[in-house]
Amino acid sequence: MPSSKSSSRSHFTLIAALCLLLLSACSKEQHGPQVSGETMGTSYSMQWHGQAETLKIKTVRLLAEKRLAEINQLMSTYIPDSQLSLYNAQDHSGWFAADAELISVLDDAYAISQASEGAFDITVGPLVNLWGFGAKLEGFAFPSEAEVRIARLTLGWDHIQTRQQPLSIFKPAENVYVDLSAIAKGYAVDQLAQLLDDFNIENYMVEIGGEIKAKGIAEHGAVWRIGIETPMHEGRSVEAVIGLNNLGVATSGDYRNYFEHEGQSYSHTIDPRTGYPVQHNLASVTVLHESTTVADAWATALLVLGPQKAYTYAEENDLAVLLITREDKGYVKTFSSRMRPFILN
Ligand code: ADP
Ligand code: MG
């Protein structure tokens, strides 16, 4: 059994809140309307201000909770009759009728798997469960090499095809298990942002478990300020501050959701190439992108790729990325060229 392990486990992640600290959200000076609650095993919050302050908080809460429930009912592996759970339970290969929304997220995931050469892989589900980080938790024991090898046999993001007519997802084999935890929170953030856009709200910040989208300006009149946590296992502090306008931001890290076994840490990000949790000194990756869905998935993909490859990829593809590595001298921050202008401290 692991010697220490995060306790809250529900919906998309065990302890999703690896948490960008929301500096502005924590500010005492803040007066604008806010809605918050629980979703995907973590918390969500929405705040806005300006011309739309008359918009009823109750209305926003109702619509947000409805939207989140719809998304969970499609994409959660923690809801036994969600569309994704039914796909995972299908006991034969073949096409599975699915909703356009689920298909669009699978298509986004596919593109990032392709670009990251399989570092991002939603078919990693059996390994996530094997390592005790998924929805299937019973009887966790540190896996043997043979178990890892067997769980790896079902990997294959490139076999998850989708089609539009009729809307469906291909299931390559009975034991293929798709896990959208590394992209669904980002997607849900984009959807909550869309909800506020539909009300013509110009200044807002929306957040689920540390994945954020901000638009316009914060209440003090300047750009929204987002704190990026120091990737420490214990305690909390801010390592970098990012100014965010009309963009999504996501952070993936190895420091919140992990367990220790024989002196070694094992985090919930799995390297599909080895079947083991990532083992390098890259402790956190923050990605900015106009789509929070894309930012969320790339944060995980780059964490798998490791510090050098992540940096090279970010530079070659003009991605705004902040990498924090754990080194003898302490935490070291590396910004891609595209990220630098957003850093405020
Ligand atoms: P983080 O905030 O650290 O990115 P997320 O909850 O967004 O955490 O994503 C981590 C989750 O993604 C894991 O718990 C697992 O379900 C899933 N996952 C792990 N490794 C991979 C991978 N290589 N590709 C896609 N999803 C993964
Ligand atoms: Mg994430």
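**Focus on unusual backbone geometry**
With an omega of -10 degrees, the peptide bond between Q165 and P166 qualifies as cis. With respect to the helices, strands and loops of the structure, P166 is situated in the loop between strand 4 (162-164) and strand 5 (167-171). With phi around 50 degrees, M40 is a residue other than glycine that occupies positive phi space. The topology assignment puts M40 in the loop between strand 1 (34-39) and strand 2 (42-49).

**A look at the nonpolar core**
By size, the foremost hydrophobic cluster in this structure holds 65 residues, and its most contacted members are M46, L180 and L302. Among the domains, domain 1 (20-71 + 184-342) and domain 2 (85-171) are the pair contributing at least three residues each to this core. Here M46 is in contact with P33, Q34, V35, V60, A64, L192, L196, M205 and V206, once residues within four sequence places are set aside. Formed by 19 residues, the second largest nonpolar core is a distinct cluster that contains A214, I226, L244 and V249.

**Details of the side chain of S113**
Topologically, S113 is positioned in helix 4 (residues 100-115). Note on S113: relative accessible area 1%, which makes it buried. A polar side-chain atom of S113 sits 2.6 Å from the main-chain carbonyl oxygen of F120. Once residues lying within four places of it in the same chain are set aside, the contact partners of S113 are G118, F120, D121 and W157.

Conventions and cut-offs
- All residue numbers refer to positions counted from 1 along the written sequence of the respective chain.
- Naming scheme: in the order in which they are written, chains are lettered from A and ligands are numbered from 1.
- Thresholds applied to this predicted model are a pLDDT of at least 70 for local features of residues and 80 or more for the giving and counting of side-chain atom pairs; totals over whole chains, interfaces and linings are not thresholded and use all residues.
- The basis for the side-chain values is all heavy atoms of the structure; hydrogens and waters are excluded.
- Only DSSP runs of H or I covering at least 4 residues are called helices, and only runs of E covering at least 2 are called strands; the numbering of each starts at the N terminus.
- Definition used in this section: a nonpolar core is a set of buried Ala, Val, Leu, Ile, Met, Phe, Trp, Tyr and Cys residues joined via side-chain atoms within 4.5 Å.
- The rule is simple: take the accessible area with a 1.4 Å probe, protein chains only, and divide by the maximum for that residue type; under 20% is buried, over 50% is exposed, in between is partly exposed.
- What marks off one domain from the next here is an automatic or database domain assignment.
- Two residues form a contact once any of their heavy atoms are found within 4.5 Å.
- Under this definition, polar contacts are N or O atom pairs within 3.5 Å; protein pairs additionally need one hydrogen-donor-capable and one acceptor-capable atom, and for neighbouring residues in sequence, both atoms have to be side-chain atoms.

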